[in-house]
Amino acid sequence: MPRILETELVSSSIGFTHKKRFLKLKFVFTVSGIDAIDKPSHNAQRIGELLLVYNENLGFVDENWLLDINSPFLDIKLPHT
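Summary of the structure given here. (Residues numbered from 1 in each chain as written. Predicted model: local features only at pLDDT ≥ 70, side-chain atom pairs only at ≥ 80, totals over all residues. Heavy atoms only, no water.)

1. Let's talk about the nonpolar core
Counting residues in hydrophobic clusters, the biggest one holds 7 residues: L25, F27, F29, V31, I47, L50 and L52. Among the secondary structure elements, those contributing two or more residues to this core are β2 (21-33) and β3 (45-55). Per element, the largest residue contribution to this core is 4 residues, and it comes from β2. Setting aside residues up to four positions removed in sequence, F27 forms contacts with T7, E8, L9, G48, E49, L50 and L52. (Core = buried A, V, L, I, M, F, W, Y, C linked by side-chain atoms within 4.5 Å. Buried < 20%, exposed > 50% of the residue type's maximum accessible area, 1.4 Å probe, protein only. Helix = DSSP H or I, 4+ residues; strand = E, 2+ residues; numbered from the N terminus. Contact = heavy atoms within 4.5 Å.)

2. Re the side chain of S71
If you trace the backbone, S71 turns up in the segment after β4 (60-67). For S71, the residues in contact, after removing those within four places along its chain, are Q45 and I47.

3. Quick notes on the pattern of salt bridges
Considering all chains together, one arrives at 3 salt bridges under this definition. Note that E56 and R21 form a salt bridge whose closest N and O atoms lie 2.9 Å from each other. Here the residue E56 occupies a position in the loop between β3 and β4, and R21 occupies one in strand β2, the gap between them amounting to 35 residues. For R46, the salt bridge identified is with E49, shortest N-O distance 2.6 Å. Salt bridges here are not isolated pairs; linked through shared partners, they connect K26, R46 and E49. (Salt bridge = Lys/Arg side-chain N within 4 Å of Asp/Glu carboxyl O.)

Set out below in structure tokens:
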């Protein structure tokens, strides 16, 4: 069953410290299925978030991923121990 991945910017902020300024962008990822007649399904599931941090020159500083590893929409392979 094909899936549609959607990304939404849910928040943005500008931060200040004593010597630095930065920009934070938070995105949410949702996925929804396609039904038997190729129409989008309305039961979207949130599968993760991404937080990006840039410095005042828009240079990349950091990223933070939060994924729902129990989601049936993610194919996560765990290493064998």
